[in-house]
Amino acid sequence: MDRVHSDQSDQLANKSTGEPASAEVLGVRVDCLTMAEAVDCCMRFLKTAGHHQVVTVNPEFVMLAQHDAPFRSAIRNASLVVPDGAGIVWAMRRQGFVDAERVTGIDLMQALCVRAAQEQVPVFLLGAAPGIAVKAAAILQQEIPDLTVAGTAVGSPDPKHAAGLCAQIRESGAGILFVAFGCPAQDFWIQQYQEETGARLAIGVGGSFDYISGAVTRAPLWVRGMNLEWCYRLFRQPWRWRRQLTLIPYVWKILREKPRH
Ligand code: UDP
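Predicted, not measured: the structure shown is a model, and the values here were computed from it.

1. Description of the pattern of salt bridges
With the rule as written, the count across this model stands at 11 salt bridges. Close ionic contact of Asp40 with Arg115 constitutes a salt bridge, the shortest N to O distance being 2.9 Å. Within this pair, whereas Asp40 is found in helix α2 (residues 35-45), its partner Arg115 is found in helix α6 (residues 105-118), the two being separated by 75 residues in sequence. Between Arg218 and Asp107 there is a salt bridge, with the nearest N and O atoms lying 3.0 Å from each other. Highlighted residues: Arg218 in the loop between α10 (208-213) and α11 (221-225) and Asp107 in helix α6, separated in sequence by 111 residues. If you follow the salt bridges from partner to partner, you end up with Asp84, Arg102, Asp107, Arg218 and Glu229 in one network.

Shown next as structure tokens:
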């Protein structure tokens, strides 16, 4: 995988080169760029050699990475790591990355579909429960008539299905692959199999197909504006409480770090 750049701490220096700066949130790399910059960066990846992985990081990822070195390294080696969660943006701003903003998997996916349609890049939707990816694809095609969805597959991150899925994606000719297996399975799957799929760009998008298909309702804009989307998700999907408990040690650890301004 080609990285945008290696570890950097001087945001201004990176701004001058035009490359996004990276923050370290509890040892996990996160790039600082706006949604528009992330989309441009992804579209550039499609024109450069190699296979590019994008990771959309939230506090759950960071806490998991604390004791999962392979996951931490998968994130570090990705081409782009965007701040998906409000908790990540908060931590980045405390470090002086005042321009940090949320770049969520679902927003990035939708914006990339618009650009993919303009530039005639076929996309592939892999993952989620049976029927969800097909429905999400139909809705995307309805909203973005020029979009080519090269294929969808339910599948699972289980390695025994990988050969068949990779062959299906490769034969579809997809340039962009969206993978919805949840974290960290989707990110490991991409790391391991992206090259075999032939897709130049692959992104782990979590529950995005569930939202696009309408199977799960996304928080209203005003809730997102208040950085409370996590709270809304907990309200709609109470089974998330155990996963979201990780927010408590996350906040505690971030508060213990000295803020940089
Ligand atoms: N999923 C899947 N196969 C699996 C496990 C999960 O396709 O073996 C899907 C699940 O149906 C959901 C997505 O992965 O669509 C994970 O969504 P979640 O909301 O947990 O991800 P988040 O947005 O929190 O990262």
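On we go from here.
2. Details of the site of the ligand
With respect to spatial proximity, 13 residues lie near the ligand, and among them Ala128, Gly207, Asp210, Arg240 and Arg243 are the closest. Ala128 places a polar main-chain atom, nitrogen or oxygen, 2.8 Å from an oxygen atom of the ligand. Gly182 has a polar backbone atom sitting 3.3 Å from an oxygen atom of the ligand. In isolation the ligand exposes 550 Å². Once the protein is present, 73% of that is buried. Assessed atom by atom at 2 Å from the grid points, the ligand resides in the largest pocket. In terms of residue class, the shell around the ligand is made up of five nonpolar, four polar and four charged.

3. Some words on α6
Residue pairs three or four apart in sequence face the same way in an α-helix, which turns once every 3.6 residues. End to end, α6 covers 20 Å across 14 residues, agreeing with the expected 20 Å (1.5 Å per residue, within 8%). Within α6, the full set of buried residues consists of Gly105, Ile106, Leu108, Met109, Leu112, Cys113, Ala116 and Ala117. The buried side chains of α6 occupy one side of the element, clustering within an arc of 165° when seen end-on. Looking one or two residues beyond α6, the residue adopting positive phi is Gln120, at roughly 55°.

4. A word on the packing of aromatic side chains
Here the distance between the centres and the angle between the planes together describe a pair of aromatic rings. In total, this model carries four aromatic pairs according to the counting rule given. Aromatic side chains Phe61 and Phe71 sit 5.8 Å apart centroid to centroid with 40° between the ring planes, which places their arrangement in the tilted category. On the criterion of sequence distance, the pair formed by Phe61 in helix α3 (residues 59-66) and Phe71 in helix α4 (residues 69-76) is long-range, its members being 10 residues apart. Phe71 carries the same exposure label as Phe61, and that label is buried. Here the aromatic cluster, defined as three or more aromatic residues joined through ring pairs, consists of Phe61, Phe71 and Phe188.

5. Structural notes on the sheet that holds strand β6 (residues 149-153)
Taken in spatial order, the six strands make up an open sheet running β4-β3-β8-β7-β5-β6, and their pairing is parallel. Looking along the sheet, the strands with just one partner apiece sit at the ends: β4 (80-83) and β6. Within this sheet the neighbouring strands show an average axis-to-axis angle of 15°, counted without direction. Strand direction decides the pairing type here: strand β7 (residues 176-180) and strand β8 (residues 201-204), joined by four bridges, are parallel. Bridge pairing links Ile176 to Leu201 in β8. Set on the sheet, helix α9 (residues 185-197) makes contact with β3 (52-57), β5 (123-127), β7 and β8; between it and β8 the angle comes to about 165°.

6. Observations regarding the confidence of the model for the protein
Put simply, the protein has an average pLDDT of 91, and 93% of its residues get 70 or more. Note that pLDDT drops below 50 for residues 1-16; the model gives that stretch 48 contacts with residues more than four away or on any other chain.

Cut-off values and rules
Residues numbered from 1 in each chain as written. Predicted model: local features only at pLDDT ≥ 70, side-chain atom pairs only at ≥ 80, totals over all residues. Heavy atoms only, no water. Salt bridge = Lys/Arg side-chain N within 4 Å of Asp/Glu carboxyl O. Helix = DSSP H or I, 4+ residues; strand = E, 2+ residues; numbered from the N terminus. Near = heavy atom within 4 Å. Polar contact = N/O pair within 3.5 Å; in protein donor to acceptor, adjacent residues only side chain to side chain. Areas by Shrake-Rupley, 256 points an atom, 1.4 Å probe, with all protein chains shown as cover. 1 Å grid on protein atoms, 1.4 Å probe; cavity = no way out; pocket = protein on both sides within 12 Å on 5 of 7 lines; lining within 4 Å. Sits in = over half its atoms within 2 Å of the grid points. Nonpolar A, V, L, I, M, F, W, Y, C, P; charged D, E, K, R; others polar. Expected span 1.5 Å × (residues − 1). Buried < 20%, exposed > 50% of the residue type's maximum accessible area, 1.4 Å probe, protein only. Arc of directions from axis to C-beta. Phe/Tyr/Trp six-rings, centres within 6.5 Å; stacked < 30°, edge-to-face > 60°. Pairing = 2+ DSSP bridges. Axes fitted to C-alpha atoms, helices over the stretch in contact; angles between N-to-C directions. Contact = heavy atoms within 4.5 Å. pLDDT = per-residue confidence, 0-100.

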